[in-house]
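Descriptive structure summary
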Amino acid sequence: MNKSPEKTQNRDLTVGNPEKVLWHFCLPLFGSIFFQQLYNIADSFVAGKFIGENALAAVGNSYEITLIFIAFAFGCNMGCSVIVSQLFGAQDYKNMKTAVSTAWITSALLCVLLMVFGLLGCGSLLDLIHTPDEVLADSRLYLNIYICGLPFIFFYNISTGIFSALGDSKTPFKFLAVSSVVNIAVDIFFVTCFDMGVAGVAWATFLCQGVSCVLAVLVVVRRMRKIPSVGKTPLFSMRLLKRFTIVAVPSMLQQSFISVGNIIIQSVVNSFGTGVMAGYSAGVKLNNLVITSFTTLGNGISNYTAQNIGAGKQTRVKDGFRAGVKMVWLISLPLVLLYFVFGNCLLNLFLDEPTAAALQTGIVYLRILSPFYFIVSVKLVADGILKGSSMMRQFMISTFTDLILRVSLSLLLSRTSLGATGIWCAWPVGWTIGTLLSVRLYHAGYAGK
């Protein structure tokens, strides 16, 4: 039996009141994703305020493609995080360390392949989504710089997954709080002082993500060395790679198909002109801030679930579901009120002297989607438990149902008299049916436990 590691930063999620444990663990995660999203929000803010509406449209247009690459990084994050959580809960520290190095080696190889694909194919992707000529050059430039920074994105995501697996949600919060604020300052500095345009926005993000990544990896290495284990720790294990793949690949596919779906939706949005593109770009950033935050809370619940499964405490998982739903509903209430009532003020943060089409598009988008945050947040809690339990087939069924409905209805309703508004109406339908499926599958998986 391995000795227990120091508990000053690593946190055991298998003991204590589930509601208090989740609040204590997940709130720093919520703060972390807020600062993570500030990277993209800062890009749009600076592009819209200091460069122009076309620059904002270019950044927003590129963002949907960057989500494909983020999907792979997220999958590596989840695969590593769930397996490390389960091994940490079981106090199998030797295999836990091997799981970390196995995830890093595998992810590095994947990252190289994606960089080659991205640098060679980003132009074709931009053409595929019917990028208007006036934003094509800036979109291509932004994407090329972003792709060069993929190693930082991959290794930072894996590092944060390891921190979360060890029950430490505060360390990544500290990294992101500092780096995202610095990113805003560097964005503005590059654009206003050096007149670098969209390239300045991209390079600022590249530099700040790079610093965050290096610091996070160094801290993970130091943390691993402090955790005692018996015997020599192998750097790679095919057995652990298989466990990693079981969680990582479905997560990658889920996020990748969501990204592809968003690209299809973006192509539909593009057909309505740059005004609607700019309004959608601003609105979708605000929406993604909420959805990504809830997804991150769901990932925290995945870590809670995985640790308790590793420790053989499945009954605590059901308590965690109830606590998780209560938590996301309490967070949803102020967000819904903020977006529904003050959405126009928030949109103006991104739009400098916006056209009527841009502002109206963003307002309608937020008012249609925001009331349904109460519903989709429950889905993401249930999804978190499914992933933490390695119930990836059930997770995929729910996610693809939601995605297929949103994309197909977006294509269909946009051709009706609703126009662009029909695109936004597709979200609530997909979210609602996806939530019903996720909750049903969770209950089926934990019936009798």
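Summarised in this report is the structure supplied together with it.

Rules used throughout
Residues numbered from 1 in each chain as written. Predicted model: local features only at pLDDT ≥ 70, side-chain atom pairs only at ≥ 80, totals over all residues. Heavy atoms only, no water. Helix = DSSP H or I, 4+ residues; strand = E, 2+ residues; numbered from the N terminus. Contact = heavy atoms within 4.5 Å. Areas by Shrake-Rupley, 256 points an atom, 1.4 Å probe, with all protein chains shown as cover. Lys, Arg positive; Asp, Glu negative; His and termini not counted. Charge placed at Lys NZ, Arg CZ, Asp CG, Glu CD. Salt bridge = Lys/Arg side-chain N within 4 Å of Asp/Glu carboxyl O. Buried < 20%, exposed > 50% of the residue type's maximum accessible area, 1.4 Å probe, protein only. 1 Å grid on protein atoms, 1.4 Å probe; cavity = no way out; pocket = protein on both sides within 12 Å on 5 of 7 lines; lining within 4 Å. Points joined across faces, edges and corners; volume = space filled by probe spheres on them. Nonpolar A, V, L, I, M, F, W, Y, C, P; charged D, E, K, R; others polar. Phe/Tyr/Trp six-rings, centres within 6.5 Å; stacked < 30°, edge-to-face > 60°.

1. Some words on the overall build of the protein
For the protein, the helix and strand inventory stands at 14 helices and 0 strands. Seen along its three principal axes, the alpha-carbon backbone of the protein occupies a region of about 65 × 45 × 35 Å. Excluding contacts between residues fewer than 6 apart, the proportion of contacts in the protein whose partners are at least 24 apart in sequence is 85%. As displayed, the protein has an accessible area near 17,200 Å², and 68% of this comes from carbon and sulfur atoms. Within the protein, one finds 32 positive and 19 negative side-chain charges whose respective centroids are separated by 19 Å.

2. A few points about the pattern of salt bridges
Applying the stated criterion to the full structure yields 5 salt bridges. Here Arg 223 and Asp 168 are joined by a salt bridge, their closest N and O atoms 3.0 Å apart. In this pair, Arg 223 sits in helix H7 (residues 198-226) while Asp 168 sits in the loop between helix H5 (150-165) and helix H6 (170-192), placing the two residues 55 residues apart along the sequence. The pair formed by Arg 223 and Asp 168 is uniform in burial state, with each residue classed as buried. Among the salt bridges present, the one from Arg 322 reaches Asp 319, with a minimum N-O distance of 2.5 Å.

3. Section: empty space enclosed by the protein
Considering all chains together, one arrives at 3 cavities of 30 Å³ or more under this definition. What lines the second largest cavity is simply Asp 43, Tyr 142, Ile 145, Tyr 146, Gly 149, Ala 202, Thr 205, Phe 206 and Gln 209. Among the elements of the structure, helix H4 (133-148) and H7 are those that each provide at least two residues to the lining of the second largest cavity. Ranked by residue count, the leading element in the lining of the second largest cavity is H7, at 4 residues. Classifying every residue of the lining of the second largest cavity by side-chain character gives 5 nonpolar, 3 polar and 1 charged.

4. Regarding the packing of aromatic side chains
Evaluation of the coordinates by the stated rule reveals 16 aromatic pairs. A ring pair is formed by Phe 321 and Tyr 442, whose centres lie 4.3 Å apart and whose planes are at 25°; its orientation type is stacked. In this pair, Phe 321 is assigned in helix H10 (residues 315-347) and Tyr 442 in helix H14 (residues 420-446), connecting sequence segments 121 residues apart. For Phe 321, a relative accessible area of 10% translates into the label buried. Residue Tyr 442 is classed as buried on the basis of its relative accessible area, which comes to 3%. Ring centres of Tyr 373 and Trp 431 lie 6.1 Å apart, and the angle between their planes is 40°; this geometry places the pair in the tilted category.

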